[in-house]
Amino acid sequence: MKEKLTVSCEGKPCYDIVLTIGFEELAGAALSVSAPERKICIVTDTNVALLYAAQVKEAFSSAFAQVEVFEFPAGEENKTLANIQTLYAFLIEHHFDRKDMLAALGGGVVGDMTGFAAATYLRGIDFIQIPTTLLAQVDSSIGGKTGVDFDSYKNMVGAFHMPRLVYMNLDTLQTLDARQYYSGFAEIMKHGLIKDAKYYEWLISNMYEICERDPETLLSMIKRSCEIKKEVVENDPTEQGERALLNFGHTIGHAIEKNSGFQMLHGECVALGCVAAAYISWKKELIEMEEYYEIRDMFVPFNLPISADDLDVAKIVALTKSDKKMRGGKIRFVLLDRIGHARIDDTVTDEEMTAAIEELNFKDED
């Protein structure tokens, strides 16, 4: 069971996405973009290291002259410049130079941090993505966006730096806890909503198999989401236009995530943000009321929230003003004009956002 996609940059092949089972083919895939005299540092977090660091180190042992492992504490709260500095020091102490590589083994936090370190260490070295969560496999490992949070503001410091390879061992999804697994599904639902109505319908039709983590279904699902992400980033690699559509659900979602002190998972907040954006789309008469309620309710079977307890509406609206997608003092909001098609809109008012967040707000009296 194996699939391969090639992502192009400026019309030329840039890197492959390999979807397979196991790490047996990792060494060969790495050698196709490297040389055996190079060193590689596996960057991972404390959770993933326990599960996969030894396997990946063993796989790399036949492909690299030296394999090191750098661990940092798991969690979004550790996606900081301070941990990047610690990684720089580790690389310097182990004499990593410009011909050596990094490998991001983990979820979105690991991938973003490793990519940022690779983009900036010695003015740029190569890196490989080995995403182990559903969210990272369908979203953050593809497209070269890297970064860290700054004072809890999401991804405020970053760079575009393309990986040399994305290697997805789909077996890693079987070890995810349910909450982490379904968190990744929010990005998958987003792909269908903004780009492919048939895919959105397929997701609903295959709901049982997705929830059961059926391997063949996962392969089909992840491949299609990767195809959508690949198409968008090829058309707009540095987010000057179309790529902004991938931010559907993220403006309000990021604000809710920060307001929760990162106690809610990224995908859970994206799901809430998608519901809010669909609500605004309805109120602006871009979609029908029935479409809004269908979109909202379809998150429920995949164990994603459509409401949250006692949201601080005014604070969440204020936090959207710190979103990195602001342009000229206006928020570039992504709205739907039908299922499977999105648009960028910079006319969304504070009042419209307030109403959408109130729609999400679950109070005891409700």
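The structure under discussion appears in the preceding block.
Residues numbered from 1 in each chain as written. Predicted model: local features only at pLDDT ≥ 70, side-chain atom pairs only at ≥ 80, totals over all residues. Heavy atoms only, no water.

Time to look at the packing of aromatic side chains. All told, the structure shown has 13 aromatic pairs when counted by the stated rule. Both rings, one in Tyr279 and one in Trp282, keep their centres 5.6 Å apart while their planes meet at 85°; by these two values the pair is edge-to-face. Highlighted residues: Tyr279 and Trp282, both in helix α11 (residues 266-283), separated by 3 residues, approximately one helical turn. Overall, the relative accessible area of 10% leaves Tyr279 in the buried class. Put simply, the rings of Tyr279, Trp282, Tyr292 and Tyr293 pair up and form one aromatic cluster. Taking the ring centre of Phe96 as reference, the NZ or CZ of Lys39 above it sits at 5.4 Å. Residue placement shows Arg213 over the ring face of Tyr181; its charged tip is 4.3 Å from the ring centre. (Phe/Tyr/Trp six-rings, centres within 6.5 Å; stacked < 30°, edge-to-face > 60°. Helix = DSSP H or I, 4+ residues; strand = E, 2+ residues; numbered from the N terminus. Buried < 20%, exposed > 50% of the residue type's maximum accessible area, 1.4 Å probe, protein only. Lys NZ or Arg CZ within 6 Å of the ring centre and 35° of its normal.)

Sheet topology note: the strand β7 (residues 145-150)/strand β8 (residues 153-160) ladder contains 5 bridges and is antiparallel. Considered in β8, the bridge of Gly147 is made with Gly158. What sits between the antiparallel neighbours β7 and β8 is a turn of 2 residues, in which Asp151 has the positive phi angle 50°. (Pairing = 2+ DSSP bridges.)

Before going further, it helps to spend a moment on helix α7 (residues 197-205). Since the α-helix advances by 3.6 residues per turn, residues separated by three or four positions end up pointing in the same direction. Listed as buried for α7 are Tyr199, Tyr200 and Leu203. For α7, the arc enclosing every buried residue in end-on projection is 105°, short of the 170-degree limit, so these residues lie on one face. For α7, exposure combined with an orientation more than 90 degrees from the buried face picks out Lys198 and Ser205. Of the surrounding secondary structure, the elements contacted by the buried residues of α7 are α6 (178-195), α8 (207-211), α9 (215-235) and α12 (289-298). Between the side-chain oxygen at the start of α7 and the backbone nitrogen of Lys198 there is a gap of 3.1 Å, and the oxygen is on Asp196. (Arc of directions from axis to C-beta. Contact = heavy atoms within 4.5 Å. Polar contact = N/O pair within 3.5 Å; in protein donor to acceptor, adjacent residues only side chain to side chain.)

Here we come to the sheet that holds strand β9 (residues 165-169). Spatial ordering of the open sheet is given by β1-β2-β9-β6-β5-β3-β4, a layout of 7 strands whose pairing is mixed. Two strands bound the open sheet, and with one partner strand each, they are β1 (3-9) and β4 (66-72). Going across the sheet, the axis of each strand differs from the next one's by a mean of 20°, ignoring polarity. Pairing between β1 and strand β2 (residues 12-20): 7 bridges, direction antiparallel. Bridge assignment links Glu3 to a residue of β2, and that residue is Leu19. Packed onto the sheet, helix α4 (residues 108-120) meets β3 (39-45), β4, β5 (101-106) and β6 (126-131) and runs at close to 170° relative to β5. Together, β1, β2 and β9 form the strand contacts of α9, whose direction differs from that of β1 by roughly 10°. (Axes fitted to C-alpha atoms, helices over the stretch in contact; angles between N-to-C directions.)

Residues Ile17, Met221 and Ile222 are the most contacted members of the largest nonpolar core, which totals 77 residues. Residues in contact with Ile17, not counting those within four places in the same chain, are Glu3, Lys4, Leu5, Val7, Ile142, Val166, Met168 and Cys226. With 24 residues, the next largest nonpolar core counts Ala30, Ile40, Ile42 and Val56 among its residues. (Core = buried A, V, L, I, M, F, W, Y, C linked by side-chain atoms within 4.5 Å.)

A positive phi angle, close to 65°, is found at Arg123, a residue other than glycine. A positive phi angle, close to 50°, is found at Asn155, a residue other than glycine.

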